[in-house]
Amino acid sequence: MKISDFDYDLPPELIAQTPVEPRDSSRLLVVNRETRALAHRHFRDIGEFLRPGDLLIANQSRVIPARLLGKRAETGGAVEILLLTERPDRGRDVWEALVRPGRRLREGARVLFEDEKQTTRLEAEILERTETGGRIVRLFIPNQTELQSDDPYRLLDVKQAIEALGHMPLPPYIHETLQDPERYQTVYARIRGSAAAPTAGLHFTPQLLERLQAQGVRVGFVTLHVGLDTFRPVETESVKDHKMHSEEIDLDEATAALINETQKAGGRVVAVGTTSVRVLESVAAVGDGKIVPYHGHTNLFITPGYRFKAVDAMITNFHLPRSTLLLLISAFMGKDLMETVYQEAIQERYRFFSFGDAMLIL
């Protein structure tokens, strides 16, 4: 299987630069895998295609302001650090990160971050280079002995300093300024830890979720903290040579019970986004097809030919060419149907990627 077989041409103007308002006014392309029928609707209409007894499983991870802009302590040169994944195995407040300029940030280098009002300071020490070209960095607050008695900086903990100093890590294809950072969060995001939003969930409003629950659709939550693979294209021509990065996942006892009850009653498990798909399928693999509570990590790489064990339907956005997410979608609906659907979406001028429109794949 070659990654070049999962490429397509997209007019640049179809890359959504800003989210639509309200959230559920985005367009929805409904795909029936059995009949290959397509329907063009809006996301607010999704309840027409869901049944009482269906279960939505959504990723409740919250994006942290993971993009830190600072300067090298030694030279004053500009530095950008994008926090990806916490590494508690390496110590407290240690992260895996992407850095720019990478060539100049070697082991031992220190980076200083501070706000415009000079009230908050955070520092990073480069510990080592990773196999994928990133860095392991230790974040810390300068201690009292490093500060003068009249120093204006407030001593916060590291997480507070990240919240105060960090910027929302929008994907590189978004060039517009995001006026409201909460628009890059789902309305149900509550567990901080992602370096990117689980974007299929951005279309839901609290009112839409209430309407769906009123018609008998239940909602459960899992957690996958989106990390490095969101920012890594498939660079190997042979798909099997691509190495997936490990991401932290959690499926608790209450959600496992919801899923098992739904399956037993004949309802459909509808994954909200590819991150929820990967949690469900990873847990099903651990449980030999059964859904059990699980907390750990996954590097599951879903490609065409994969047999789905837990997911019956899927809500998702339109994904980048040559990406692991496009491979996952192709595995779920078939490559031929995926190509038909994407060409239809381009012809009908759907909006693509993170702030774009959605698909419901039944």
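Values in this document were obtained by computation on a predicted structure and should not be read as measured data.

Conventions used here
- Residues numbered from 1 in each chain as written.
- Predicted model: local features only at pLDDT ≥ 70, side-chain atom pairs only at ≥ 80, totals over all residues.
- Heavy atoms only, no water.
- Helix = DSSP H or I, 4+ residues; strand = E, 2+ residues; numbered from the N terminus.
- Buried < 20%, exposed > 50% of the residue type's maximum accessible area, 1.4 Å probe, protein only.
- Areas by Shrake-Rupley, 256 points an atom, 1.4 Å probe, with all protein chains shown as cover.
- Lys, Arg positive; Asp, Glu negative; His and termini not counted.
- Charge placed at Lys NZ, Arg CZ, Asp CG, Glu CD.
- 1 Å grid on protein atoms, 1.4 Å probe; cavity = no way out; pocket = protein on both sides within 12 Å on 5 of 7 lines; lining within 4 Å.
- Points joined across faces, edges and corners; volume = space filled by probe spheres on them.
- Pairing = 2+ DSSP bridges.
- Salt bridge = Lys/Arg side-chain N within 4 Å of Asp/Glu carboxyl O.
- Polar contact = N/O pair within 3.5 Å; in protein donor to acceptor, adjacent residues only side chain to side chain.
- Contact = heavy atoms within 4.5 Å.
- Core = buried A, V, L, I, M, F, W, Y, C linked by side-chain atoms within 4.5 Å.
- Expected span 1.5 Å × (residues − 1).

Q: Would you mind going over the overall build of the protein with me for this structure?
A: Within the protein one finds 6 helices and 17 strands. The principal-axis extents of the C-alpha atoms in the protein amount to approximately 70 × 40 × 40 Å. Counting all 362 residues of the protein, 53% fall into the buried class. Here the protein displays about 16,900 Å² of accessible surface, and carbon together with sulfur accounts for 47% of that area. Placing the 45 positive and 51 negative side-chain charges of the protein at their respective mean positions leaves the two points 2 Å apart.

Q: It is not clear to me how the layout of surface pockets should be interpreted in this structure. Could you clarify?
A: Taken as a whole, the second largest pocket spans an internal volume of roughly 550 Å³. Secondary-structure elements contributing two or more residues to the lining of the second largest pocket are strand E6 (78–86) and strand E7 (94–100). Looking at the lining of the second largest pocket element by element, the count peaks at 3 residues for E7.

Q: Can you walk me through the pairing of strand E9 (residues 121–129) in this structure?
A: Consecutive residues of a regular strand have side chains that alternate between opposite faces of the sheet. Here strand E8 (residues 110–114) runs beside E9; their pairing, made up of 5 bridges, is antiparallel. Bridged to Arg110 within E9 is Glu125. With 6 bridges joining them, E9 and strand E10 (residues 135–140) adopt antiparallel strand pairing. Directly across from Ala124, in E10, lies its bridge partner Leu139. Between E9 and E10, which pair antiparallel in sequence order, lie 5 residues; one of them, Gly133, sits at a positive phi of approximately 95°.

Q: Could you clarify how one ought to interpret the pattern of salt bridges in this entry?
A: One side chain can pair with another of opposite charge once the charged atoms of both are near each other. One pass over the structure, following the stated rule, counts 24 salt bridges. When the shortest N-O distance is used, the salt bridge between Arg41 and Asp45 registers 3.8 Å. Across the salt bridge formed by Glu125 and Arg138, the nearest N and O atoms sit 3.1 Å from each other. Here Glu125 is found in strand E9, whereas its partner Arg138 is found in strand E10, with 13 residues between them in sequence. Looking at Glu125, the relative accessible area reads 23%, which means it is partly exposed. Here Arg138 falls in the partly exposed class, since its relative accessible area comes to 31%.

Q: Explain the side chain of Ser194 to me, please; I cannot follow it from the model alone.
A: Positionally, Ser194 belongs in strand E11 (residues 191–194). Residue Ser194 is classed as buried on the basis of its relative accessible area, which comes to 0%. For Ser194, the side chain forms a polar contact with the main-chain nitrogen of Val226, separated by 2.8 Å. Excluding residues within four positions of it along the chain, Ser194 makes contact with Ser61, Arg62, Val63, Ile64, Leu224, His225 and Val226.

Q: Is there a simple way to think about the nonpolar core in this case?
A: One finds Leu251, Leu280, Tyr342, Phe352 and Met359 to be the most contacted residues of the largest nonpolar core, which totals 64 residues. Of all the elements, helix H5 (residues 324–333) adds the most residues to this core, at 7 residues. Setting aside residues no more than four positions away along its own chain, Leu251 makes contact with Val222, Ala256, Ile259, Val279, Leu280, Val283, Ile291, Val292, Pro293 and Tyr294. Membership of the second largest hydrophobic core comes to 26 residues, among which are Trp95, Ala97, Leu139 and Ala195.

Q: Looking at this model, I keep getting lost on helix H4 (residues 274–286). Mind explaining?
A: For H4, with 13 residues, the first-to-last C-alpha span of 18 Å sits near the 18 Å given by 1.5 Å per residue. For H4, a buried count of 11 out of 13 residues is recorded, marking the element as mostly surrounded by other parts of the structure. Taken as a whole, H4 has its buried residues at Thr274, Thr275, Ser276, Val277, Arg278, Val279, Leu280, Glu281, Ser282, Val283 and Ala284. At the C-terminal side of H4, Asp288 shows a positive phi close to 55°.

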